[in-house]
Amino acid sequence: MWWKVFSACCVYLAPRFRVNSHYHYRSEDAGFLGAVTFLNALSRNPCRLIHDKMTGINCVTHWKKIFEEKGISEPQQSSEYIISHVLGAKTIHNLTEEALSRPLTTEQKQMIWNLCSKRLHHMPVQYVIEEWDFCDLTLKIKPPVFIPRPETEELVSLVVSELAEEEDILFSVENAHWQNSHRAARPLFLEVGCGSGAIVLSLLHFFKQSYAVAVDKSTEAVNLTRQNAERLCMQHRLQALQLNVISDSQKLTRICGSVDVIVSNPPYVFHEDMFGLMPEILRYEDCDALDGGADGLKIIKAILQLAPTVLKNRGKVFLEVDPRHPEMIQNWLQTCTGLQLTYRATHRDICGKLRFCELQRS
């Protein structure tokens, strides 16, 4: 399994959709208030807690302790990511011993303070440092656009592996390049709910000759997808549009034309579960990118109703869903005679949960 499964084993500082039955969005969180009090007390002299000759490695320990005291999740990893970012590296392991042992400058200490202050307000680290790695790409990330999760890397890997098998593409692990012994693979993609552009840009990165349309109803999401496409020099192969898959379906059909693949990590959280999500999610991420309606299927059904109008013959749909959804989707399809979609497979994520649905136009 050549894709980046290690991502699911690494810390992920924007929480997955864990439900905390003791947390209520409208109530005041004691840890959050403690962090605010702490910040207010130090606001006049933000660097006074940091010793004049504080080094990078000492600063990691220093802020880890503060995060622990203030109830911030993943305190060690939060500290490491922020300090390594200020020191110009992706992770603490990318820094040399010399770099970590060097005394911090006043500017570095001030920057660390500014970023750690945001983390003390429960801002996810991805928003704090304003970037994150996804598959083989480094993406710009900013609130309130949805932060891509590790399991979504698995969705990309699933799409790539399924298309690779169909197109007879050979993958060279040594050279890390796609090679085709007979023809160039150039599937056309449509992503619904593009967010930061993580999924569609990763697919365009793998399939160098492909083109794609990406849509999202959020202006912030579409703009961020465009920014990331430009940063990665893929803007000429991607059309990012602000469209609502429910209200703008006919317009989308006209613009999109025929595609080989629809891929989406749609809003799929059951509405009743929304208020039990972790505070980092509720305070900062766009709830519309999470809330899938009463049964979590509101957008999923819209995508599946759209699919036969834009998919080529035998084109495919790949969805990331709640583990309860595969059975619900199959039952719903049985009631939709004439939809011209066949449910092909359910795929598990690295944790063994039913996470991805694969359908095909019949």
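It should be noted that the structure appears before, not after, this text.
Residues numbered from 1 in each chain as written. Predicted model: local features only at pLDDT ≥ 70, side-chain atom pairs only at ≥ 80, totals over all residues. Heavy atoms only, no water.

**Some remarks on the overall build of the protein chain**
Phase 1 of the analysis: Counting secondary structure elements, the protein chain contains 13 helices and eleven strands.
Phase 2 of the analysis: Here the protein chain holds 362 residues, and 52% of them are scored as buried.
Phase 3 of the analysis: A fraction of 69% describes how many contacts in the protein chain between residues 6 or more apart in sequence connect residues 24 or more apart. (Helix = DSSP H or I, 4+ residues; strand = E, 2+ residues; numbered from the N terminus. Buried < 20%, exposed > 50% of the residue type's maximum accessible area, 1.4 Å probe, protein only. Contact = heavy atoms within 4.5 Å.)

**As for unusual backbone geometry**
Phase 1 of the analysis: Here the residue pair Pro143 and Pro144 is connected by a cis peptide bond, since its omega of 5° sits within 30 degrees of zero.
Phase 2 of the analysis: For Pro144, the position within the fold is in the loop between strand E2 (137-140) and helix H7 (150-167).

**Some thoughts on the packing of aromatic side chains**
Phase 1 of the analysis: This model, assessed by the stated rule, comprises four aromatic pairs.
Phase 2 of the analysis: Taking 5.9 Å as the distance between ring centres and 40° as the angle between the ring planes, the aromatic pair formed by Trp63 and Phe67 counts as tilted. Pair noted here: Trp63 and Phe67 are both in helix H2 (residues 56-69), with a separation of four residues, about one helical turn. As far as burial versus exposure is concerned, Trp63 and Phe67 are alike and both buried.
Phase 3 of the analysis: With 5.9 Å between their ring centres and 45° between their planes, Phe189 and Phe207 make a pair best called tilted. (Phe/Tyr/Trp six-rings, centres within 6.5 Å; stacked < 30°, edge-to-face > 60°.)

**Digging into the packing of H2 against helix H3 (residues 75-86)**
Phase 1 of the analysis: Running from amino to carboxyl end, H2 crosses H3 at an angle of 140°, the nearest separation of the two axes being 8 Å. Considering the angle they form, H2 stands oblique to H3. In terms of crossing hand, the pair formed by H2 and H3 is right-handed. Contacts between H2 and H3 pair Gly56, Cys59, Val60, Trp63, Lys64, Phe67 and Glu68 from the former with Pro75, Gln76, Ser78, Ser79, Glu80, Ile82 and Ile83 from the latter.
Phase 2 of the analysis: For the contact of H2 with H3, the residue count by class is seven nonpolar, four polar and three charged. (Axes fitted to C-alpha atoms, helices over the stretch in contact; angles between N-to-C directions. Parallel < 35°, antiparallel > 145°, perpendicular 65-115°, else oblique. Left-handed = near helix turned anticlockwise from the far one by under 90°. Nonpolar A, V, L, I, M, F, W, Y, C, P; charged D, E, K, R; others polar.)

**Side note on the sheet that holds strand E5 (residues 189-192)**
Phase 1 of the analysis: One open sheet holds the seven strands; their spatial order is E7-E6-E5-E8-E9-E11-E10, and the pairing between them is mixed. Each having just a single partner strand, strand E7 (238-242) and strand E10 (341-348) make up the two edges of the open sheet. Between one strand and the next, the sheet's axes are offset by a mean angle of 15°, whatever the strand orientation.
Phase 2 of the analysis: Helix-sheet contacts for helix H9 (residues 219-231) involve strand E6 (212-216) and E7, and the interaxial angle to E7 is about 165°.
Phase 3 of the analysis: The sheet contacts of helix H12 (residues 298-310) involve E5, strand E8 (259-264), strand E9 (311-320), E10 and strand E11 (354-361), and relative to E9 the element is tilted by about 160°. (Pairing = 2+ DSSP bridges.)

**Some remarks on the packing of H3 against helix H5 (residues 106-120)**
Phase 1 of the analysis: Close contact between H3 and H5 brings their axes to 10 Å; oriented N to C, the two are set at 145°. Note on packing geometry: the crossing formed by H3 with H5 is right-handed. Where H3 abuts H5, its residues Ser78, Ile82, Ile83, His85 and Val86 lie against Gln108, Met111, Ile112, Leu115, Cys116 and Arg119.
Phase 2 of the analysis: Here the residues of the contact of H3 with H5 are counted per class, giving seven nonpolar, three polar and one charged.

**Regarding the pattern of salt bridges**
Phase 1 of the analysis: Per the counting criterion, the structure on display carries 14 salt bridges.
Phase 2 of the analysis: Across the salt bridge formed by Asp133 and Lys90, the nearest N and O atoms sit 3.2 Å from each other. Residue Asp133 is located in strand E1 (residues 131-134), and its partner Lys90 is located in the loop between H3 and helix H4 (97-101); the two are separated by 43 residues in the primary sequence.
Phase 3 of the analysis: Asp133 sits in the partly exposed class, given a relative accessible area of 34%.
Phase 4 of the analysis: Owing to a relative accessible area of 37%, Lys90 belongs among the partly exposed residues under this scheme. (Salt bridge = Lys/Arg side-chain N within 4 Å of Asp/Glu carboxyl O.)

**Thoughts on the pairing of E9**
Phase 1 of the analysis: Judged by how many residues are buried, E9 sits mostly within the fold: seven of ten residues are covered.
Phase 2 of the analysis: Relative to E9, E8 runs parallel, the two sharing five bridges. Paired with Val263 across the bridge in E9 is Phe318.
Phase 3 of the analysis: When E9 meets E11, the two strands line up antiparallel, connected through five bridges. Bridged to Lys316 within E11 is Gln360.

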